[in-house]
Amino acid sequence: MKKAILALADGMIFEGTSFGAEGEATGEVVFNTSMTGYQEIMTDPSYKGQIVTMTYPQIGNYGTNDEDVESGRPQVEGFIVKEYLDFPSNWRMKRSLDAYLKAHNIAGIQGIDTRALTRHIRDVGAQPGIISTKDLDPASLFARAKKLPKMNGLDLAKEVTCAKPYAWDEGLWELETGFGKKPASRYKVVAYDYGIKRNILRLLTSAGCDVTVVPATMPADEVLAMKPDGVFLSNGPGDPEPVTYGIENIKKILGKKPIFGICLGQQLLGLALGGRTYKLKFGHRGANQPIMDLTTRKVEIAAENHGFAVDLESVKDHVVMTHVNLNDKTCEGIQHKTLPAFAVQYHPESSPGPHDSRYLFQRFVDMMEKHKG
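Description of the structure in this document. The shown structure was predicted, so the numbers you read here are calculated from the model rather than taken from an experiment. (Residues numbered from 1 in each chain as written. Predicted model: local features only at pLDDT ≥ 70, side-chain atom pairs only at ≥ 80, totals over all residues. Heavy atoms only, no water.)

1. As for the overall build of the chain
Then, in step 1: Secondary structure summary: the chain contains 10 helices and 21 strands in total.
Then, in step 2: In terms of overall dimensions, the chain is globule-like: its C-alpha atoms have a radius of gyration of 20 Å, near the 21 Å expected for 373 residues.
Then, in step 3: Taking the principal axes of the C-alpha coordinates as reference, the chain spans close to 65 × 45 × 40 Å.
Then, in step 4: With 373 residues in all, the chain has 58% of them scored as buried.
Then, in step 5: Working note: accessible area of the chain is about 15100 Å², and carbon and sulfur atoms make up 50% of it.
Then, in step 6: Positive and negative side-chain charges in the chain, numbering 44 and 45 respectively, have mean positions lying 3 Å apart. (Helix = DSSP H or I, 4+ residues; strand = E, 2+ residues; numbered from the N terminus. Rg over C-alpha atoms; globule rule 2.2 N^0.38 Å. Buried < 20%, exposed > 50% of the residue type's maximum accessible area, 1.4 Å probe, protein only. Areas by Shrake-Rupley, 256 points an atom, 1.4 Å probe, with all protein chains shown as cover. Lys, Arg positive; Asp, Glu negative; His and termini not counted. Charge placed at Lys NZ, Arg CZ, Asp CG, Glu CD.)

Written out as structure tokens, the structure reads:
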């Protein structure tokens, strides 16, 4: 097996072996605590610009298939695991994880102490890094990693958004039939694509929405001209502050149509309301985060994937906090005090992850029903 090295910008070096494509990968090194769902994680556009470390020790044991994807291709820049399983077995499997990464020219590294790496990221924070099978000189890799751009200030939404509007008509996956067709629609929704996950679209259609996905830069006037019952603000990668076009569009839609946002969508909504966002030390990424819904006091286990958050103090005049992370008290949900607009920082669509939070799609439907017409 070919040697590979992971070098972080602070000089930490990990030596392992290569799997997936040979070559190099650069990006912000982060960790995800999910036990399963690596294919959905890799294809989540919110991971654009990042190298993902899986904390679960054995990855690859069920291979990959053509259905468990959240976008058209893997979005991660690189992939890090403790032990890659090269003898996958699953009735839906089409090819191994190694072959999947090779097909998309994504470098991976295995055989490193991912527990030590995760602890290091927790202590010093997420940071740029390089995976390489070509340059095996630690000093050279360290020097190059130090020069890599940090996530702050990067507008990555424009790199993953769709090129033109399209209609979505795929429903949720069922064991016997696979992905179904959407049911009858009662509400017209325009979804801004900042890096949207497919399961969000499936849940919107399953809730009775006729969904049109539009590019992140589409002017608000064109969206309003489509006469939607509601506007959805999607998840996505990078720093929310440089997404000025999104912020300005949201300002023009606020109060005119009901708004529901997820992840980056919450951050952009907060900024549109005059608030601030900040970068978390190492972020929340995994399918096992405890969230409390403050409107019901119920605790749900939820999926998360974010490195930035809304500073609640900066928007407290306009919104109330509806959800909170019970680990670190981060704001995980906001609702406008007077306008029909709400958002959550976590991922109620799961995929991967528990289904505890899917009720939020019905809340959006109820909001549209209340303001319909």
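2. What to know about the pairing of strand β11 (residues 170-174)
Then, in step 1: With three bridges connecting them, β11 and strand β12 (residues 178-181) associate as antiparallel partners. Note that in β12 the partner of glutamate 174 across the bridge is glycine 178.
Then, in step 2: Counted along the chain from β11 to the antiparallel partner β12, the turn is three residues long. (Pairing = 2+ DSSP bridges.)

3. Regarding the pattern of salt bridges
Then, in step 1: For the structure on display, the rule yields 19 salt bridges.
Then, in step 2: One salt bridge connects arginine 202 with glutamate 170, and the closest N-O pair in it is separated by 2.9 Å. Taken together, the positions of arginine 202 in helix α6 (residues 198-206) and glutamate 170 in strand β11 put the pair 32 residues apart, joining distant regions of the chain.
Then, in step 3: Assessed through its relative accessible area of 24%, glutamate 170 is described here as partly exposed.
Then, in step 4: We note a salt bridge from lysine 251 to glutamate 248, for which the minimum N-O separation is 3.3 Å. (Salt bridge = Lys/Arg side-chain N within 4 Å of Asp/Glu carboxyl O.)

4. So, the sheet that holds strand β18 (residues 298-310)
Then, in step 1: Read from one edge to the other, the open sheet built from 10 strands follows the order β10-β14-β13-β15-β16-β21-β20-β19-β17-β18, with strand pairing classed as mixed. Unpaired on one side and paired on the other, β10 (166-168) and β18 mark the two borders of the sheet. Each strand axis lies, on average, 25° off the axis of its neighbour in the sheet, ignoring direction.
Then, in step 2: Summarising the sheet, strand β17 (residues 277-293) and strand β19 (residues 319-325) pair through three bridges and their orientation is antiparallel. Along β19, the bridge assignment pairs isoleucine 291 with asparagine 325. (Axes fitted to C-alpha atoms, helices over the stretch in contact; angles between N-to-C directions.)

5. Focus: the nonpolar core
Then, in step 1: Core analysis: the biggest nonpolar cluster contains 34 residues, and Leu6, Phe79, Ile80, Leu97 and Leu117 have the highest contact counts within it.
Then, in step 2: Examining the composition of this core, we find that four residues originate from one element, strand β3 (residues 24-32), more than from any other.
Then, in step 3: Not counting chain neighbours up to four residues away, the residues in contact with isoleucine 80 comprise Leu6, Val29, Ile51, Val52, Thr53, Met54, Ile109, Ile112, Thr114, Leu117 and Ile131.
Then, in step 4: Counting residues in hydrophobic clusters, the runner-up holds 31 residues, among them Ala157, Ala216, Val223 and Val231. (Core = buried A, V, L, I, M, F, W, Y, C linked by side-chain atoms within 4.5 Å. Contact = heavy atoms within 4.5 Å.)

6. Some thoughts on unusual backbone geometry
Then, in step 1: Cis rather than trans, the peptide bond between serine 351 and proline 352 has omega equal to 0°.
Then, in step 2: Counting through the fold element by element, proline 352 comes out in the loop between β21 (341-344) and α10 (359-370).
Then, in step 3: The residue serine 350 is not glycine, and still its phi comes out positive at about 55°.
Then, in step 4: Mapped onto the elements of the fold, serine 350 is located in the loop between β21 and α10.

7. Let's talk about the layout of surface pockets
Then, in step 1: If you add up the space inside the largest pocket, you get close to 310 Å³.
Then, in step 2: Looking at the largest pocket, it is lined by 17 residues, and the ones nearest its centre are Asp68, Trp173, Asn199, Ser351 and Arg358.
Then, in step 3: Elements with a contribution of two residues or more to the lining of the largest pocket: β11 and α6.
Then, in step 4: Looking at the lining of the largest pocket residue by residue, the classes come out as five nonpolar, five polar and seven charged. (1 Å grid on protein atoms, 1.4 Å probe; cavity = no way out; pocket = protein on both sides within 12 Å on 5 of 7 lines; lining within 4 Å. Points joined across faces, edges and corners; volume = space filled by probe spheres on them. Nonpolar A, V, L, I, M, F, W, Y, C, P; charged D, E, K, R; others polar.)

8. A look at the packing of helix α8 (residues 244-253) against helix α9 (residues 264-272)
Then, in step 1: Where α8 contacts α9, the axes come no closer than 8 Å and their chain directions differ by 70°. By the angle between their axes, α8 is roughly perpendicular relative to α9. With respect to the hand of their crossing, α8 and α9 are arranged in right-handed fashion. Residues Ile247, Ile250 and Lys251 of α8 lie in contact with α9, whose contacting residues are Leu268, Leu269, Leu271 and Ala272. (Parallel < 35°, antiparallel > 145°, perpendicular 65-115°, else oblique. Left-handed = near helix turned anticlockwise from the far one by under 90°.)

9. Observations concerning the sheet that holds strand β4 (residues 50-54)
Then, in step 1: Reading around the barrel, the seven strands line up as β1-β2-β8-β6-β4-β3-β9 and close back on themselves, with mixed pairing between neighbours. Neighbouring strand axes in the sheet, compared pairwise and without regard to direction, differ in orientation by 35° on average.
Then, in step 2: Relative to strand β8 (residues 107-110), strand β2 (residues 13-20) is paired through four bridges, and the arrangement is antiparallel. Looking at β8, one finds that glycine 20 is bridged to alanine 107.
Then, in step 3: Each of β1 (3-8), β2, β3, β4, β6 (78-80) and β9 (127-132) touches helix α3 (residues 114-124); the most contacted strand, β3, lies at about 80° to it.
Then, in step 4: This element, helix α4 (residues 138-146), spans β1, β2, β3 and β9 of the sheet and lies at about 40° to β1.

10. Here we look at α10
Then, in step 1: Here α10 is 12 residues long and its end C-alpha atoms lie 17 Å apart, about the 16 Å a rise of 1.5 Å per residue gives.
Then, in step 2: Leu360, Phe361, Phe364, Val365, Met367 and Met368 are the residues of α10 that are buried. Axial view of α10: buried residues confined to an arc of 160°, hence all on one face. (Expected span 1.5 Å × (residues − 1). Arc of directions from axis to C-beta.)

11. Comments concerning the packing of aromatic side chains
To describe a pair of aromatic rings, one takes the distance between the centres and the angle between the planes.
Then, in step 1: Scanning the model with the defined rule gives eight aromatic pairs in all.
Then, in step 2: Cluster of aromatic residues (ring-pair linked, three or more members): Phe232, Phe260, Phe342, Phe361 and Phe364.
Then, in step 3: The side chain of lysine 279 reaches across the aromatic face of phenylalanine 308, ending 5.7 Å from its centre. (Phe/Tyr/Trp six-rings, centres within 6.5 Å; stacked < 30°, edge-to-face > 60°. Lys NZ or Arg CZ within 6 Å of the ring centre and 35° of its normal.)

12. Examining α6
Then, in step 1: Most of α6 sits inside the fold, with seven of its nine residues counted as buried.
Then, in step 2: When α6 is considered as a whole, its buried residues turn out to be Asn199, Ile200, Leu201, Arg202, Leu203, Leu204 and Thr205.
Then, in step 3: One or two steps after α6, the chain reaches glycine 208, where phi turns positive at roughly 95°.

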